[in-house]
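Chains, contacts and geometry: an overview
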Amino acid sequence: MNGPRLCRIVPRAARSIVLVLDLVHQSPQRIRMNSLIRFLALFLLLASCLPNSSAADNNSALARATTAIEAATPRAEADPAYPIFHITAPAQWINDPNGPIYYKGFYHLFYQLHPFSDDNGPKYWGHVRSRNLVKWEHLPIALWPSTELGEAEVWSGCCTINCNGDPMIFYTSIAPGKPAKTHAEQWAAIGDKDLLTWHKSTANPVLSEALHEGKKIYEWRDPFVFQHKKRTFMVLGGNLNETKGGQAVVNIYEAENPALTKWKYRGVLFQIPSPNARTVECPNFFQLGDRWVLFFSPYGKVEYYVGDFNSDTCRFHPQTHGLLDYGPNFYAPNTMQVPDGRRIVWGWVTGFKSGHGWNGCLTVPRELSLTHDGQLQQNPAPQLKKLRGKPVQWRNASLNAETKSFPLPVTNTLEIDLDFDLANAQSVALKIASGNSSNVEMTFDNSKFKMPGTDAPLSFVGNKRNLNVQIFLDRSVLEVFANGVMCATKVIPPPEGALKLELRAEGDQSKAKRIEAWPMKSIW
Ligand code: FRU
């Protein structure tokens, strides 16, 4: 950091002035002049003994942000829409999950945070951790803009351990008054052994535009680091045509030193074929089984590609393609690899209204896998079962055109699991009916899942029409999983009163082989 530099210069200058004055012959006028200079020198000396101003700025930036969060917390907590089993900040605005990492017995997650309001604004990094993916704790803000280093915002990125064993965060640094579209740098911060305190690397910027040797990358951001065959790579998003669409790219870089402070540009890993993709934000690139998965957020629904990676040429050759989430309120997901090799993803749940002391949360952790035909599957992490309270359950309910009603636990924080055999029915309609007008309605048919704002393809395994549906309702957040391959996230007005599950089959009979529902506990 630059702070200590100023601290070193000021006392040295002051001491030299005093020394020079002691040496020169002193006339009466000189004595008056010298007294003034002595006073100035003394002032400089005293000032230098105070904590240096940059460091003070730095700490007060953190203190101001922390106070702003604390002040807004009671309001956020009192809001009936504030989720209890989805990760949120204690208060204020959050967006992307950042730097998920499992380290020394803790799952750590950071997130983009605007601490001064429940609306979008300059970004900091919030921090939570958990021992078991069930109960989480809030930790102090991890990163904030180092204004003394000419930084206005700390944008999304990742967390890794470098080849010397040091925890490192890589993130996109935004300078004051410079548009992110044309000016961005990738910076690093080094963490302590508990990942609690971070200091900016003296090597910053660790990646700058000069690496591209004249090729302009717009919206260049969101580093994601991965290791392969004892080499360390980074992918970064952006586009080549001023974000006009059709030239969104994932760029790839390779580390040249164990401290991961020197990088080489290895070119474009993959150019997104869709003409509608305007840019790539928050790319993730990782191995899943024997395949490679790339996903990214293109200012629209999050896309994934599954294929092969050639680490010599640094090129990706995809074979299959799909969407991570078909709902209207999911963006900028980020993944963590856990010690047994599984990979977990969290997304940002977008689209809340401001004015309630909080805004934004993360999805539940979803475990990733691939189907035999290369589709990405997401299943709620099994640890979430620990949050379940006392169940209500029904078996083998036959469904027809008449609505059947099942009383749910009396709460609006619920998990509902269903196994249907669609049998000969055209479709099944599901409603969570509430005491107010905030009903949640969806339908499942041969090939489609539908709810307001969502129209998604649905596939069945083999020629059986078996459908597993998992629904997480957390006051204003709804996540639906169907057969693991269709996920949809939606922000809703919180249903109130005694909730009922209502089921109906259209066309012909169908069967709900299993209906189970649990009240869900808080993750805090
Ligand atoms: C995605 C994103 C990232 C950026 C961050 C800023 O939502 O735009 O590309 O780093 O948010 O908060």
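Residues numbered from 1 in each chain as written. Predicted model: local features only at pLDDT ≥ 70, side-chain atom pairs only at ≥ 80, totals over all residues. Heavy atoms only, no water.

1. Side note on the overall build of the protein
Applicable threshold: For helices the rule is a DSSP run of H or I covering at least 4 residues; for strands it is a run of E covering at least 2, with both sets numbered from the N terminus onward. Residue burial is assigned from relative accessible area. The probe radius is 1.4 Å, only protein chains are included, and a residue is buried under 20% of its type maximum, exposed over 50%, and partly exposed in between. Residue contacts follow a heavy-atom distance rule, with two residues in contact if any of their heavy atoms lie within 4.5 Å. Areas reported as accessible are Shrake-Rupley estimates using a 1.4 Å probe. Residue values count occlusion only from the protein chains shown.
Of regular secondary structure, the protein possesses three helices and 34 strands. By the burial criterion, 56% of the 524 residues in the protein qualify as buried. Considering only residue pairs separated by 6 or more positions, the protein has 59% of its internal contacts joining residues 24 or more positions apart. Only carbon and sulfur atoms are counted for the fraction: they give 54% of the accessible area of the protein, which is about 22100 Å².

2. Things to note about the sheet that holds strand β11 (residues 248-255)
Basically, it comes down to this: By definition, two strands form a pair when at least two bridges between them are found by DSSP. Interaxial angles span 0 to 180 degrees and are taken between N-to-C directions of axes, which are lines fitted to C-alpha atoms, for helices over the stretch in contact.
An order of β9-β10-β11-β12 is seen for the four strands of this open sheet, with the pairing classed as antiparallel. Each of the sheet's edge strands pairs with one partner strand only, and the pair in question is β9 (218-228) and β12 (263-271). Taking each pair of neighbouring strands and ignoring which way they run, the sheet shows an average axis angle of 25 degrees. Pairing between β9 and strand β10 (residues 231-239): seven bridges, direction antiparallel. In the strand pairing of β10, V225 is matched with M234.

3. So, the site of the ligand
In plain terms, the rule: Any residue with at least one heavy atom within 4 Å of a molecule or strand is counted as near it. Each polar contact in these results corresponds to two N or O atoms within 3.5 Å; when the atoms are within protein, one needs to be able to donate a hydrogen and the other to accept it, and residues that are neighboring in sequence are counted only if both atoms are side-chain atoms.
What surrounds the ligand is the set N95, D96, Q112, K123, W155, S156, R221, D222, E281, Y331 and W348. D96 is positioned such that a nitrogen or oxygen atom in its side chain is 2.7 Å from an oxygen atom of the ligand. Here an oxygen atom of the ligand and a side-chain polar atom of D222 are 2.6 Å apart. Bound to the protein, the ligand loses 91% of the 320 Å² it would expose on its own. Looking at the shell around the ligand, the elements with two or more residues in it are β1 (92-103), β5 (153-161) and β9.

4. Some details on the layout of surface pockets
Which entries qualify depends on this criterion: Cavity and pocket criteria rest on a 1 Å grid covering protein atoms alone: a 1.4 Å probe that fits but cannot get out defines a cavity, protein on both sides within 12 Å along at least 5 of 7 lines defines an open pocket, and an atom within 4 Å of a point defines a lining residue. Grid points are joined across faces, edges and corners, and a volume is the space filled by probe spheres set on the points. Residue polarity is assigned by list, with Asp, Glu, Lys and Arg as charged and Ala, Val, Leu, Ile, Met, Phe, Trp, Tyr, Cys and Pro as nonpolar; anything else, Gly included, falls into the polar class.
Roughly 490 Å³ of internal volume is contained in the largest pocket. For the largest pocket, the lining is made up of 20 residues, of which V225, F226, Q227, Q337 and R343 are closest to its centre. Secondary structure elements with two or more residues in the lining of the largest pocket: β1, β5, β9, β13 (281-288) and β17 (330-337). Its residues assigned to classes, the lining of the largest pocket shows 13 nonpolar, six polar and one charged.

5. Some thoughts on the packing of aromatic side chains
What counts is decided by this rule: Any two of the Phe, Tyr and Trp rings considered here, Trp counted by its six-membered ring, make a pair once their centres fall within 6.5 Å; the pair's planes then place it as stacked at under 30 degrees, edge-to-face at over 60, or tilted in between.
Inspection of the entire model under this criterion finds 31 aromatic pairs. Between W136 and W346, the ring centres sit 6.3 Å apart and the planes meet at 85 degrees, which makes this aromatic pair edge-to-face. Taken together, the residues span a long stretch of sequence, with W136 in strand β4 (residues 136-143) and W346 in strand β18 (residues 343-349) at a distance of 210 residues. Under the relative-accessibility criterion, W346 is labelled buried at 0%.

6. Structural notes on the pairing of strand β14 (residues 291-297)
Burial within β14 is extensive, with six of its seven residues counted as buried. Here β13 runs beside β14; their pairing, made up of six bridges, is antiparallel. Residue pairing across strands places N284 opposite F295, the latter belonging to β14. Bridging between β14 and strand β15 (residues 303-310) involves five bridges; their strand directions are antiparallel. Residue pairing for β15: V293 is matched across the bridge by V306.

7. Some points on the pairing of strand β22 (residues 376-380)
When you tally the buried positions in β22, you get four out of five residues, the bulk of the element. Of the pairings in the sheet, the one linking strand β21 (residues 366-370) to β22 comprises five bridges and is antiparallel in character. Directly across from R366, in β22, lies its bridge partner P380. Between β21 and β22, which follow one another and run antiparallel, lie five residues, and G374 among them has a positive phi close to 80 degrees.

8. Here we look at the environment of G435
Position of G435 relative to the elements: it lies in the loop between β26 (427-433) and β27 (440-445). Classification of G435 by relative accessible area gives exposed; the value is 64%. Sequence spacing of G435 and A498 is 63 residues, and the spatial spacing of their C-alpha atoms is 6.1 Å. The residues touching G435, leaving out its near neighbours within four places in the chain, are E496, G497 and A498.

9. Side note on the pattern of salt bridges
So the rule is basically this: A pair is scored as a salt bridge if a Lys or Arg side-chain nitrogen falls within 4 Å of a carboxyl oxygen belonging to Asp or Glu.
On inspection of all chains with the given rule, the structure shows 21 salt bridges. Taking the shortest distance from any N to any O, the salt bridge between K216 and E209 comes out at 2.9 Å. Residue D419 is joined to R514 by a salt bridge in which the shortest nitrogen-to-oxygen separation is 2.8 Å. Placement of D419 in strand β25 (residues 413-421) and of R514 in strand β34 (residues 510-519) is noted, with a sequence separation of 95 residues between them. For D419, a relative accessible area of 21% corresponds to the partly exposed category. The exposure class of R514 is buried, given its relative accessible area of 17%. Three or more residues joined by partner-sharing salt bridges are found here, namely R388, E415, D417, D419, R514 and E516.

10. Some words on the side chain of N204
For N204, the location among the structural elements is in the loop between β8 (198-200) and β9. A relative accessible area of 17% means that N204 is categorised as buried. There is a polar contact of 2.7 Å between the side chain of N204 and the backbone nitrogen of A188. Ignoring sequence-local partners within four residues, the contact set of N204 consists of W187 and A188.

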